[in-house]
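Letter by letter, the chains look like this.
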Amino acid sequence: MAITRPRGTNDFLPEDTKSWQAVEAMLRQICREFAFEEIRTPIFEDTDLFIRGVGNTTDIVQKEMYTFTDRGERSLTLRPENTASVCRAYLEDKLYGRIQPVKLYYMGPMFRYERPQAGRFRQFHQFGVEVIGTISPYADAEIISLAWEFYNRLGIRNLRLYLNSVGCPNCRPRYREVLQDYFRPHLDQLCPSCQERFERNPLRILDCKSEICQNIGKEAPQIFDNLCDSCADHFEQVKRILATAGVEYMLNPRMVRGLDYYTKTAFEIVVENIGAQSAVCGGGRYDGLIEELGGEPTPSVGFALGMERIFSALKAQGDDIEVEDDCSVFVISTPDNEETRKAAFALCYDLRRLDIKTELDYDGKSIKAQLKAANRINAEYTVIIGSEELADGQAIVKCMKDGEQIKLPIADVKQYLLER
RNA sequence: GUGGAUGUGGCGAAGCGGUCAACGCACCGGAUUGUGGCUCCGGCACUCGAGGGUUCGAUACCCUUCAUCCACCCCA
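Predicted, not measured: the structure shown is a model, and the values here were computed from it.

Our focus in this paragraph is the sheet that holds strand β7 (residues 159–165). Pairing is mixed across the open sheet formed by eight strands, whose spatial order is β1-β5-β6-β11-β10-β9-β7-β8. The open sheet has two edge strands with one neighbour each: β1 (37–38) and β8 (250–251). By the bridge criterion, seven bridges tie β7 to strand β9 (residues 263–271) in an arrangement that is antiparallel. Opposite R160, over in β9, you have V270 as the bridge partner. Along the sheet, helix α1 (residues 14–33) contacts β1, β5 (102–111) and β6 (123–132); its crossing angle with β5, the most-contacted strand, is approximately 160°. In this fold helix α5 (residues 137–154) packs onto β5, β6, β7, β9, β10 (279–285) and β11 (300–306), with an angle of close to 15° to the strand it touches most, β11.

Here we come to the domain arrangement of chain A. A common way to state how big an interface is: give the accessible area lost once the parts meet. Considered domain by domain, chain A is made up of domain 1 (14–171 + 227–316) and domain 2 (328–418). Using C-alpha coordinates to define each centre, domain 1 is positioned 51 Å away from domain 2.

A few words now on the sheet that holds strand β15 (residues 394–399). Strand order in this open sheet of five strands is β13-β12-β14-β15-β16, and the pairing throughout is mixed. Both outer strands of the open sheet, β13 (357–360) and β16 (405–409), are each paired with one neighbouring strand and no more. The average undirected angle you get between the axes of adjacent strands in this sheet is 25°. Together, β12 (328–333), β14 (381–385) and β15 form the strand contacts of helix α13 (residues 367–376), whose direction differs from that of β12 by roughly 175°.

The subject of this paragraph is the packing of α5 against helix α9 (residues 229–245). Their axes nearest at 9 Å, the elements α5 and α9 cross at an angle of 45°. Accordingly, the angle class assigned to the pair α5 and α9 is oblique. Relative to α9, the crossing made by α5 is right-handed. Facing P137, Y138, D140, A141 and I144 of α5, the residues of α9 in contact are H234, Q237, V238, I241 and L242.

The subject of this paragraph is the packing of helix α12 (residues 338–353) against helix α15 (residues 410–418). Contact geometry for α12 and α15: axes closest at 10 Å, N-to-C directions at 35°. Where α12 crosses over α15, the handedness of that crossing is right-handed. Packed against α12, whose contacting residues are L347, D350 and L351, the element α15 presents V413, K414 and L417 at the interface. Along the lines of polarity and charge, the residues of the contact of α12 with α15 split into four nonpolar, no polar and two charged.

A word on the pairing of β9. Counting buried positions over the nine residues of β9 gives nine, a clear majority of the element. Bridging between β9 and β10 involves six bridges; their strand directions are antiparallel. Within β10, the residue paired with E268 across the bridge is G282.

What follows is about the nonpolar core. With 66 residues, the main nonpolar core has F127, Y151, F303 and I310 as its most contacted residues. Per element, the largest residue contribution to this core is ten residues, and it comes from α5. Once residues within four sequence positions are removed from consideration, I310 is found in contact with V23, F150, Y151, L154, I156 and L305. Ranked by size, the runner-up nonpolar core spans 33 residues in total, among them M110, L259, V270 and L293.

Take E130: it is sitting in strand β6. Buried within the structure, E130 lacks any salt-bridge partner; its nearest side chain of opposite charge belongs to R285, at an N-O separation of 10 Å. In terms of polar contacts, E130 uses its side chain to reach the side chain of Y286, at 2.5 Å. Not counting chain neighbours up to four residues away, the residues in contact with E130 comprise F36, T83, V86, V102, K103, L104, Y106, Y286, V301 and G302.

Now for the environment of D363. Along the chain, D363 falls in the loop between β13 and α13. On the accessibility criterion, D363 (60% relative accessible area) is exposed.

Conventions used here
Residues numbered from 1 in each chain as written. Chains lettered and ligands numbered in written order. Predicted model: local features only at pLDDT ≥ 70, side-chain atom pairs only at ≥ 80, totals over all residues. Heavy atoms only, no water. Pairing = 2+ DSSP bridges. Helix = DSSP H or I, 4+ residues; strand = E, 2+ residues; numbered from the N terminus. Contact = heavy atoms within 4.5 Å. Axes fitted to C-alpha atoms, helices over the stretch in contact; angles between N-to-C directions. Domains from an automatic or database assignment. Parallel < 35°, antiparallel > 145°, perpendicular 65-115°, else oblique. Left-handed = near helix turned anticlockwise from the far one by under 90°. Nonpolar A, V, L, I, M, F, W, Y, C, P; charged D, E, K, R; others polar. Buried < 20%, exposed > 50% of the residue type's maximum accessible area, 1.4 Å probe, protein only. Core = buried A, V, L, I, M, F, W, Y, C linked by side-chain atoms within 4.5 Å. Lys, Arg positive; Asp, Glu negative; His and termini not counted. Salt bridge = Lys/Arg side-chain N within 4 Å of Asp/Glu carboxyl O. Polar contact = N/O pair within 3.5 Å; in protein donor to acceptor, adjacent residues only side chain to side chain.

Right, dumping it as structure tokens:
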């Protein structure tokens, strides 16, 4: 085989796309219930959008972007996520002039240049929602409950919802310093990657897998104790609203969102047993993003969830999305008779227009082989139009389950099958 | 970017220096000429991811490369 698909990409075959369509339908349904509307933005954007929107210091921008120059010397990038694009559209298409907040959802492919592994691909698919234009903690709770409801409705077990607040430009820098002061004396004992993290992202040290780092971090100051009044109050409200609605969350002060734009609420939904990449959904508040992109200060919340990870989770718990085979008819004709073949084709067309899933043979196979083919695709009925039958305008309808067959006028076949 | 594992027909899978590269599933054809599912018979890899090397001889040993899987980093 000469040409293969690019590394980290997937072909989704019919047996896969059936499940995808089912999940997508469920997502659209939930969005309808929660009163979100779909937005579709370009798959590539001006590179600067992501540098400014996602953050220059993030891994995404530093090493994961698919960036190219087009024929007009513009630097473009395949979207690594969709929040920046949605915010860009909010400004460019003047959605701030509409009723606020604007509640949008999207789904589609995203691209990140990473080494593939379980649950991680270079082209992957996300569904996400954004509520743009309100600081209300009810908005945070709304999207969290939307995600929570989705996974529960899908029947995914062993879910955990982690909740945290990462503060805001008022309190996070301060907490960051407090944390650095705490770790500084132990700097040389930390694992190599945490020594890197010390400057870049000290909050991550708290979440290190190394036991040594874990132990050193045990007595570290907590983010909860270092939030400003506004953030602390917001966080309290989100927790209360979720508790009242019956959404079971776990506080996780060690959970840090990687993207620069997050403020206040951060949350993540994880499911065990799907490998190292256990996060199926992540999101939070990004009150500074729209302003960063040149708009008025516009508080917003959103999340993104990974489509591929949904299927990993379902597979890990031994579930498959049931996709039923609907009733189908196979129209058989005598192979060496063009008249019967044409009659079969015409009947086939008629049946299809009646919403009956219908197949026929293309190759002029023997009757026997056609029946075999019909059997293989689980046809419920076959209609046999042979030379003898056609001579007096008749056809045989055979029920494949019990082998019963009756002869009737071709004109009556449609009605007969419709009544089954 | 780093590390580990793997790479034999459509799929699963033997062989691990020397007969025609097992076998199972799937697929195609046939078993008195127009009737399927069971059974039986037959067919289906000039080739063992690719390139190079060692050897009288390599699918098997060595090197390179590519791909896949898994893990790290990070994230959906």
